[in-house]
Amino acid sequence: MSRISSNEIWLVMDSRQFGGIETHLLQLALGLVKHQQKVRVWLTHRYAVPSPLIAKLESHDIDYGYLNDNHSQPLFQLIKLVKQYQPQVVHCHGYKASLIGKLARCVTGMRQVSTYHAGETPTGRVKLYDFLDRYTAWLSTASIVVSQAIASKLPCQTHHFNNFIDTSEVAFQHGSQIAYVGRLSSEKAPHHFVQLAHDFPEHDFHLYGDGPLSDKLKQSSSPNLTFHGHQKEMAQVWPNIDVLIISSEFEGLPLVAIEAMARGINVISTAVGDIPNLIDSPFNGLLVKDGTQLKRALKEYLAFSPSSIMALRVNAANTIARHYSSTHVIPNMLSLYAISPFSDSQTDSQFEN
């Protein structure tokens, strides 16, 4: 890790596994570096088993550290570091990092931004933390949302940014699998994908992911469905997939859809969150009202001609390149950070409030 310097952009989050928020943060860090910014990632806690995010940060030479090292409380450590090094902005992801960041801003006056990723309302203790995070959003310098549904839950002005990926090194390639990629949890409704495997016994189905519903889903599985578990490196998986099924009941804007479409992998999805803004059905993918309609949509897709399927692929990849690439989004992010490559008159038109 290189020495901390002033005027860095700090990205803060709590991470145990590698999911959508980690993917977003990594893409953001890489995009900022490509725009000649000094970036450092701070993880709120060091756990006994390192987050998979660490290996990915190291592979890209992105500096990182932990806020709870040396028996420090993350909040007090962040305050100390901000006072000492004066970063340009502290950008927090996830409720834990966001709450810590906002409290640190109250003490230091630093420029602090929070991104809200989750479209669902959590349960249990997390529900309380989520509530506190949302209703203290006004304490941040700015609040970013990845969907308008999330914006409606925040009692303050927000900035709507599309989720994004770096498309410069993404290959246009696809395979033959019908696949689900994501966490096996209730808001993702993976049981609809399991049901599809029952409905189409002549086709092979592949499920990539893990979560609390894993055992239950395996008990109701069929012989043509393969459970691959959590994937540390999706780059090796994407070339095998023909069509991605998204069965979610709640979403913001899932990065798996963007990553698939960028590669020319067709997506059939429920119309939740900001997915209807991403998928123009049937121009660059297929949308259904809910999970019960996935059977009809998949049957329709499997009957498409090869030329129709290729047209979907090309349109999907072009959509991502034009509207959901880091080249398109990062300059707007820098404007929000007040590290502006634009004049004031230009930045006003970049944001959706």
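Keep in mind that what you see is a predicted model, and the values were worked out from it rather than measured.

A.B. asks: Before we go on, may I ask you to explain the overall build of the chain in this structure?
C.D. replies: Along its length, the chain carries 14 helices and 13 strands. Taken over the C-alpha trace, the chain has a radius of gyration of 20 Å; the compact-globule value for 353 residues is 20 Å, and the two agree within 12%. Across its three principal directions, the C-alpha atoms of the chain cover 65 × 45 × 40 Å. Long-range pairs, those at least 24 residues apart, make up 65% of the contacts in the chain with a sequence separation of at least 6. Here the chain contributes 29 positively and 30 negatively charged side chains, and the mean placements of these two sets differ by 6 Å.

A.B. asks: Before we go on, may I ask you to explain the sheet that holds strand β6 (residues 142-145) in this structure?
C.D. replies: As a general point, the strands of a sheet are linked pairwise by backbone hydrogen bonds and lie either parallel or antiparallel. A sheet is described by the order of its strands in space; here seven strands give the open sequence β3-β2-β1-β4-β5-β6-β7, paired in parallel fashion. Every interior strand has two partners, whereas the edge strands, β3 (63-66) and β7 (159-160), have only one. With respect to the sheet, helix α2 (residues 52-59) is in contact with β1 (9-13), β2 (39-43) and β3, its orientation differing from that of β3 by roughly 150 degrees.

A.B. asks: Is there a simple way to explain the packing of aromatic side chains in this structure?
C.D. replies: Ring pairs (aromatic) are described by centroid distance and by the angle formed between their planes. Following the criterion strictly, the structure yields seven aromatic pairs and no others. When the centroid spacing of 6.0 Å and the interplanar angle of 65 degrees are considered together, the rings of Y301 and F304 count as edge-to-face. Given the relative accessible area of 23%, F304 is considered partly exposed. Ring pairs connect the aromatic residues Y180, F193 and F205, which therefore count as one cluster. Directly above the ring of F18 sits K56, whose terminal nitrogen or CZ lies 4.9 Å from the centroid.

A.B. asks: Is there a simple way to explain the pairing of strand β9 (residues 205-208) in this structure?
C.D. replies: Every regular strand shows the same layout, with side chains that alternate between the two sheet faces. The alternating pattern of β9 places F205 and L207 on one face and H206 and Y208 on the opposite face, and all of these are buried. One ladder, built from four bridges, connects strand β8 (residues 177-181) with β9; its direction is parallel. Note on β9: the bridge partner recorded for I178 is F205. For the segment spanning β8, helix α7 (residues 191-199) and β9, crossover handedness is right-handed. Looking at chain direction, β9 and strand β10 (residues 225-229) are connected through four bridges and run parallel. From the neighbouring strand, L207 faces β10, where its bridge partner is F227. Note that the unit made of β9, helix α8 (residues 214-219) and β10 has a crossover that is right-handed.

A.B. asks: What is the right way to read the sheet that holds β10 from this model?
C.D. replies: Ordered in space as β10-β9-β8-β11-β12-β13, the six strands form an open sheet in which the pairing is parallel. Two strands in the sheet have a free side with no partner beyond their single neighbour: β10 and β13 (286-288). Taken pair by pair, the neighbouring strands of this sheet meet at an average axis angle of 20 degrees, ignoring direction. Here helix α9 (residues 255-262) sits on the sheet in contact with β8, β11 (241-246) and β12 (266-270), set at roughly 155 degrees to β11.

A.B. asks: Explain the pattern of salt bridges here, please?
C.D. replies: For side chains bearing opposite charge, pairing can occur when the charged atoms are close. This model, assessed by the stated rule, comprises 12 salt bridges. In this structure, the salt-bridge partner of R40 is E8, at a minimum N-O distance of 2.9 Å. You can see R40 sitting in strand β2 and its partner E8 sitting in the segment before β1, a full 32 residues away along the chain. An identical accessibility class is assigned to R40 and E8; each is buried. Across the pair K102 and D133 runs a salt bridge, and its minimum N-O distance is 2.7 Å. Separated by 31 residues along the polypeptide, K102 in helix α4 (residues 95-108) and D133 in helix α5 (residues 125-135) bring together distant segments of the chain. For K102, a relative accessible area of 1% translates into the label buried. For D133, a relative accessible area of 4% corresponds to the buried category. What emerges from the salt-bridge pattern is a single network uniting E8, R40 and D63.

What counts, and at which threshold
Residues numbered from 1 in each chain as written. Predicted model: local features only at pLDDT ≥ 70, side-chain atom pairs only at ≥ 80, totals over all residues. Heavy atoms only, no water. Helix = DSSP H or I, 4+ residues; strand = E, 2+ residues; numbered from the N terminus. Rg over C-alpha atoms; globule rule 2.2 N^0.38 Å. Contact = heavy atoms within 4.5 Å. Lys, Arg positive; Asp, Glu negative; His and termini not counted. Charge placed at Lys NZ, Arg CZ, Asp CG, Glu CD. Pairing = 2+ DSSP bridges. Axes fitted to C-alpha atoms, helices over the stretch in contact; angles between N-to-C directions. Phe/Tyr/Trp six-rings, centres within 6.5 Å; stacked < 30°, edge-to-face > 60°. Buried < 20%, exposed > 50% of the residue type's maximum accessible area, 1.4 Å probe, protein only. Lys NZ or Arg CZ within 6 Å of the ring centre and 35° of its normal. Right-handed = clockwise from strand over helix to strand, strands pointing away. Salt bridge = Lys/Arg side-chain N within 4 Å of Asp/Glu carboxyl O.

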